[in-house]
Amino acid sequence: MALHRLSLRLRQTVAQVRPLHGSGCGQQQEAVGMETRPETVSIFRTQENDPACQSEQHLGQYYTVPASHFHTVFPHGLPPRYQQQVKTFNEGCVMVRQPALELISHLKRADYINPTLRYLLYGVKGSGKTMSLCHAVHYCSTQGWLVLHIPDAHLWVKNCKELLPSSYHASRFDQPIQASNWLRNFRTTNEHFLSKVAPPPQIDKSHTTYHLSRVKSSSDVVGAVLKELRLQAGGTEGGFRLAVAVDGVNGLWGRTTLKKEDKSPVAPEELTLVHNLRKMINNDWCGGAVIATLSQTGSLYAPSSAYLPQELLGEEGFDSMDPFIPVPVSLYSEKEFESCYLYYLDRHWLQHPHSQTEEGKKELIFLSNRNPSVLERLCAFL
Amino acid sequence: MAASVTGLLKPWTPRVLLVRWSRYNPYYLEPEPRKEVYHIPETELTPEQKEERELKSVRPIKAATNSVTSSVFNDPVLSKFVNMMMKDGDKIIAKGIITQTLENMKRKQVEKYHKAPEVKKAEIECNPYVIFHQALENCKPVIGLASIQKGGKFYQVPIPLTDNRRRFLAMKWMITECRDNKHRRTLMYEKLSQELLAAFSKEGNVVKRKHELHKMAESNRAYAHYRWW
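Residues numbered from 1 in each chain as written. Chains lettered and ligands numbered in written order. Predicted model: local features only at pLDDT ≥ 70, side-chain atom pairs only at ≥ 80, totals over all residues. Heavy atoms only, no water.

- Going by an unreviewed UniProt entry, chain B carries the name Small ribosomal subunit protein uS7m and comes from Oncorhynchus tshawytscha.
- For chain B, the Subcellular location (unreviewed entry) comment in UniProt is given as "Mitochondrion".
- Per UniProt, chain B has the following entry under Sequence similarities (unreviewed entry): "Belongs to the universal ribosomal protein uS7 family." (UniProt positions renumbered as here; feature names shortened; annotations may be inferred.)

- For chain A, the name recorded in an unreviewed UniProt entry is Small ribosomal subunit protein mS29, with Oncorhynchus tshawytscha as its organism.
- Note on chain A: under the UniProt heading Subcellular location (unreviewed entry), the record states "Mitochondrion".
- If you open the UniProt record of chain A and go to Sequence similarities (unreviewed entry), you find "Belongs to the mitochondrion-specific ribosomal protein mS29 family."

A look at the overall build of chain A
- Helices and strands together make up the secondary structure of chain A, namely 15 helices and nine strands.
- Put simply, chain A has 382 residues, and 47% of those count as buried.
- Partitioning the intrachain contacts of chain A with sequence separation of at least 6 by distance along the chain shows that 76% fall at a separation of at least 24. (Helix = DSSP H or I, 4+ residues; strand = E, 2+ residues; numbered from the N terminus. Buried < 20%, exposed > 50% of the residue type's maximum accessible area, 1.4 Å probe, protein only. Contact = heavy atoms within 4.5 Å.)

A few points about the packing of aromatic side chains
All names here are of chain A.
- The final tally for this structure, using the stated rule, is 16 aromatic pairs over all chains.
- Taking 5.5 Å as the distance between ring centres and 80 degrees as the angle between the ring planes, the aromatic pair formed by F89 and W349 counts as edge-to-face. Placement of F89 in helix 4 (residues 80-89) and of W349 in the loop between helix 13 (334-346) and helix 14 (358-368) is noted, with a sequence separation of 260 residues between them. The pair F89 / W349 is uniform in exposure class, with both members buried. (Phe/Tyr/Trp six-rings, centres within 6.5 Å; stacked < 30°, edge-to-face > 60°.)

Regarding the interface of chain B and chain A
- Counting from both sides, the interface comprises 18 residues of chain B and, opposite them, 24 residues of chain A.
- Between chain B and chain A lies a buried interface of about 2,000 Å² when both sides are counted; carbon and sulfur atoms form 57% of it.
- For the chain B face of the interface with chain A, the top three residues by lost area are F73, R107 and H114 of chain B, together amounting to 34%.
- Taking the shortest distance from any N to any O, the salt bridge between K35 of chain B and E359 of chain A comes out at 3.6 Å.
- Between chain B and chain A we count 12 residue pairs in polar contact (both at pLDDT 80 or more) in total.
- Sorting the residues of the side of chain B that touches chain A by element identifies helix 5 (91-115) and helix 7 (128-139) of chain B as the ones contributing at least two each.
- Per-element accounting of the side of chain B that touches chain A gives the leading share, 10 residues, to helix 5 of chain B.
- Looking at the side of chain B that touches chain A, its residues break down into eight nonpolar, four polar and six charged. (Buried area = accessible area lost by both parts, 1.4 Å probe. Salt bridge = Lys/Arg side-chain N within 4 Å of Asp/Glu carboxyl O. Polar contact = N/O pair within 3.5 Å; in protein donor to acceptor, adjacent residues only side chain to side chain. Nonpolar A, V, L, I, M, F, W, Y, C, P; charged D, E, K, R; others polar.)

Concerning the packing of helix 10 (residues 218-233) of chain A against helix 11 (residues 272-281) of chain A
Residues and elements named next belong to chain A.
- At a minimum axis separation of 9 Å, helix 10 and helix 11 run at an interaxial angle of 5 degrees. With respect to helix 11, the element helix 10 is oriented roughly parallel. Contact residues: S219, D220, V222, G223, L226 and R230 in helix 10; T272, L273, N276, L277, K279 and M280 in helix 11.
- Residues that form the contact of helix 10 with helix 11 fall into these classes: five nonpolar, four polar and three charged. (Axes fitted to C-alpha atoms, helices over the stretch in contact; angles between N-to-C directions. Parallel < 35°, antiparallel > 145°, perpendicular 65-115°, else oblique.)

Thoughts on the sheet that holds strand 7 (residues 242-247) of chain A
All names here are of chain A.
- The sheet built from five strands is open, its strands ordered 4-7-8-3-9 with parallel pairing. Only two strands of the sheet have a single neighbouring strand rather than two, namely strand 4 (146-150) and strand 9 (325-328). For this sheet the average axis-to-axis angle between neighbouring strands, irrespective of direction, equals 15 degrees.
- Bridge analysis of strand 4 against strand 7 gives five bridges, and the strand direction is parallel. The residue bridging I150 from the neighbouring strand is V246, located in strand 7. (Pairing = 2+ DSSP bridges.)

Shown next, in the form of structure tokens:
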């Protein structure tokens with residue numbers, strides 16, 4: 001009798017001990033984790049290169065974007081220093097981080113019959129907002145969505161050499177160079193789509209290519225393309241999903257540095273490109289998602305310490321973006337920093353003999369405060 | 001009268017405290033920036049070190065200059081190069097150029113490393129600091145010339161050079177070469193990284209200038225006895 005009770009007690013302790021291993025991981029996943037851990041290469045790298053299959057167990061690890069995909073998915077949109085890094089290391093590796101995973105899980109579970117959800121990535125300068133956006137864009141393109149990636153909305157509101165008055169609307173201005181550049185990159189990303197999607201009555205593929213050579217009317221072409229895609233995304237017979245990825249969305253509201261011929265300033269809504277993009281970001285269409293990033297780096301007339309949505313978007317911008325799902329992007333955690341450090345060691349990037357010691361590592365943590373871009377710039381000359 | 005007499009009786013402190021000046025009373029001691037000196041426990045100190053510590057507790061210490069750090073990445077030769085490249089006291093720009101140069105050199109070498117076959121990988125040097133020091137070594141002249149007057153005429157006499165002079169000449173030639181012989185549109189860090197990589201493999205204009213100096217010294221060997229020191 002006592003023995004029976006003892007065995008019951010033991011069974012209870014065994015049953016209690018099991019759920020303690022890992023936070024809710026299934027036994028299968030545990031077994032898989034145990035298999036990959038003995039490999040010394042996989043501490044900071046993962047073999048799971050498909051963003052759809054990445055989960056919390058891959059947090060802090062680097063996955064490789066296949067070289068064949070690279071130029072079609074990211075003709076523009078990657079940060080310039082990252083592009084240099086890809087060229088130097090001869091491979092494009094992206095770290096799987098919490099904000100990107102959260103964003104991808106929202107995109108997986110969202111209901112695309114309802115009006116579009118807007119996601120806003122915000123964080124301090126250099127915390128990895130653009131890279132998280134590119135991770136989400138990679139997910140969308142592997143899932144077969146049509147991706148509209150605007151690499152930096154600030155490029156459309158400053159440094160414009162040619163500002164033509166719009167033929168379509170009297171008080172608006174066209175930006176032929178920026179619009180034609182964007183159309184060219186859009187064609188590289190979505191070439192396979194343009195053949196599949198049913199040509200709309202007003203504009204079709206040959207029209208687009210014809211207008212690509214005619215730079216003058218490219219802004220109107222952009223507007224027409226955006227409008228058509230918006231109408232077709234929700235349609236049942238077309239069946240594709242549309243992802244609008246805008247980096248530096250706070251540039252669409254606020255001020256520009258452009259001037260009209262009589263030296264009076266141009267407001268953003270007087271630019272055709274900005275006007276059409278704002279219509280795109282409105283949540284009055286369905287069948288897709290809008291993923292946006294705030295950016296202080298290229299912004300105009302914003303203090304350098306501002307990073308919150310309220311500060312950077314301003315009243316008008318916040319009212320247009322409201323309601324949105326905010327996704328905060330933080331600096332590297334300890335695990336992510338470790339992973340980054342090991343990656344640089346593996347790629348022979350940290351060459352200074354002292355940087356490979358514990359002392360040097362502590363100094364790197366102190367100097368960079370675990371800020372991803374500051375760490376990258378520090379490790380560049382060490 | 002009473003005020004000045006009481007003033008004389010106080011212990012003397014200078015009215016203006018010396019901070020960041022380079023001319024100090026010899027009474028002041030040099031600061032010690034290295035961390036490992038302070039980590040030695042009491043028991044392992046030699047008698048000289050103990051004496052030095054006691055002296056430091058009573059004497060005033062000079063203010064440390066901005067260029068001196070306790071960082072593990074501190075390199076005195078590189079700091080000297082930065083100071084020589086600096087114009088109008090703008091060290092931020094000079095340091096920026098040097099860091100960009102190091103990055104550029106590292107990028108070129110690492111790219112070459114990743115594209116090379118396994119056999120060639122061990123020969124490629126990726127450490128920009130090693131390249132910089134080796135390039136500077138390759139540019140240092142062994143023997144120099146001095147202008148000595150004898151019998152109304154000036155002769156170029158070969159003389160031995162001190163280490164400091166050799167290092168100075170190597171750095172000076174490198175900087176003047178990069179400033180003068182570059183295209184208007186090439187940036188300084190780009191030209192400097194090209195020259196350093198060339199000097200590392202013993203090619204390029206700076207190493208050529210060193211060889212020319214050596215040849216001049218060799219040709220003027222006959223006047224070597226004009227040197228009296």
